[in-house]
Amino acid sequence: MKKYFLAEFIIFGLMFSFGVMASGGGSNFKALLSKVKEGLLPAKCLFLIVNNGDCGAVQIAKEYGVPCFHISSKTHPDEHEYEKALLKVFEENPIDLLLLAGYMKKIPDSLVEKLPERILNIHPSLLPKYGGKGFWGLNVHRGVLENQEKESGATVHLVSSEIDKGKILAQTSVPVLEGDSPEELAARVLKQEHSLYWNTVLNYAKTLGLL
Ligand code: GRF
């Protein structure tokens, strides 16, 4: 990367905005925020939406001063009200990109339609393998190990109305080692996810002309 990279963005004031949706530990969310903080990702995170008020991502949002909204079937038992509450956040906080980072619920089609080609997701396998219904969390890595794959990896893709089926933007692979447990493989993949996500977001923002 060129040394005067950040300076260029500051001089021309080029920056994009994003929101994140997460449900878990939030390590991908944290990796994105730390690249913003380091000045490598010229962007501002406007909000985090979680569907689990106790998840680790909430704490990370606090640490980095990112406003956090908890919207779930607990806060909004009626599906229509849930969807309305979600869309309200996007109306009140317009963003260039929405980044899903371990969000464990399918996002409503109304949201996909509102942000066409502007929603990205990270998945811990080499899609189209080990994607779609049922392939979440350790199930992904169990599938890889059961089939004795030699490699696995992570994928960043656009979000469409079908789970894990949108256009693939980037992938990175890791070896599957003899005797790996699902947890060990997951940890190896997760480490790669942290650099894959922000790099892909940066390149995609450039492709869209946001930078
Ligand atoms: C990651 O493995 C990601 O690929 C998947 O969910 C997990 C989230 O992990 N979609 P974290 O919460 O970012 O640590």
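Residues numbered from 1 in each chain as written. Predicted model: local features only at pLDDT ≥ 70, side-chain atom pairs only at ≥ 80, totals over all residues. Heavy atoms only, no water.

Participant: With reference to specific residues and values, describe the pattern of salt bridges.
Facilitator: Enumeration according to the criterion identifies 9 salt bridges in this entry. Two residues, Lys 165 and Glu 162, come together in a salt bridge whose shortest N-O distance is 3.8 Å. On the basis of relative accessible area, Lys 165 is assigned to the exposed category, the value being 57%. Across the pair Asp 180 and Arg 188 runs a salt bridge, and its minimum N-O distance is 2.7 Å. (Salt bridge = Lys/Arg side-chain N within 4 Å of Asp/Glu carboxyl O. Buried < 20%, exposed > 50% of the residue type's maximum accessible area, 1.4 Å probe, protein only.)

Participant: Can you tell me about the domain arrangement of the chain, naming the residues and giving the values?
Facilitator: Under the domain assignment, the chain is made up of domain 1 (17–116) and domain 2 (125–155 + 169–211). Averaged C-alpha coordinates put domain 1 and domain 2 at centres separated by 21 Å. Tallying the contact residues gives 14 residues for domain 1 and 12 residues for domain 2. Together domain 1 and domain 2 conceal approximately 1,200 Å² of surface at their shared face, both sides included; 77% is due to carbon and sulfur atoms. When the buried surface of domain 1 facing domain 2 is broken down by residue, Asn 28, Leu 41 and Leu 97 rank first, second and third, together holding 35% of it. Across the contact surface, domain 1 and domain 2 share 3 residue pairs in polar contact (both at pLDDT 80 or more). For the side of domain 1 that touches domain 2, the elements supplying multiple residues, two or more each, are helix H2 (27–38) and strand S4 (97–100). Looking at the side of domain 1 that touches domain 2 element by element, the count peaks at 5 residues for H2. Split by residue class, the side of domain 1 that touches domain 2 holds 10 nonpolar, 2 polar and 2 charged. (Domains from an automatic or database assignment. Contact = heavy atoms within 4.5 Å. Buried area = accessible area lost by both parts, 1.4 Å probe. Polar contact = N/O pair within 3.5 Å; in protein donor to acceptor, adjacent residues only side chain to side chain. Helix = DSSP H or I, 4+ residues; strand = E, 2+ residues; numbered from the N terminus. Nonpolar A, V, L, I, M, F, W, Y, C, P; charged D, E, K, R; others polar.)

Participant: Any details on the layout of surface pockets? Residues and values, ideally.
Facilitator: One number sums up the size of the largest pocket: a volume of about 940 Å³. When contributions to the lining of the largest pocket are tallied by element, the ones reaching two or more residues are H2, strand S5 (119–123), helix H6 (138–146) and helix H7 (182–207). The dominant element in the lining of the largest pocket, judged by the number of residues it contributes, is H7, at 4 residues. Lining the lining of the largest pocket are residues from two domains, each supplying at least three of them: domain 1 (17–116) and domain 2 (125–155 + 169–211). (1 Å grid on protein atoms, 1.4 Å probe; cavity = no way out; pocket = protein on both sides within 12 Å on 5 of 7 lines; lining within 4 Å. Points joined across faces, edges and corners; volume = space filled by probe spheres on them.)

Participant: Residues and numbers for unusual backbone geometry, please.
Facilitator: With omega at 10°, the peptide bond leading from Leu 127 into Pro 128 counts as cis. Among the secondary structure elements, Pro 128 is positioned in the loop between S5 and H6. Located in the positive-phi region is Asp 164, a residue other than glycine, with phi close to 60°. In this structure, Asp 164 sits in the loop between strand S6 (151–158) and strand S7 (168–175). Since its relative accessible area comes to 14%, Asp 164 is described here as buried.

Participant: Explain the site of the ligand residue by residue, including any values.
Facilitator: If you check the shell around the ligand, you find Gly 24, Gly 25, Gly 26, Ser 27, Asn 28, Gly 102, Ile 122, His 123, Pro 124, Leu 190 and Glu 193 and nothing else. In the model, an oxygen atom of the ligand is placed 3.3 Å from a nitrogen or oxygen of the Gly 25 main chain. Relative to its unbound accessible area of 360 Å², the ligand is 79% covered by the protein chains. Under a 2 Å grid-point criterion requiring more than half of the atoms, the pocket assigned to the ligand is the largest pocket. Where the shell around the ligand is concerned, the elements lending two or more residues are H2, S5 and H7. (Near = heavy atom within 4 Å. Areas by Shrake-Rupley, 256 points an atom, 1.4 Å probe, with all protein chains shown as cover. Sits in = over half its atoms within 2 Å of the grid points.)

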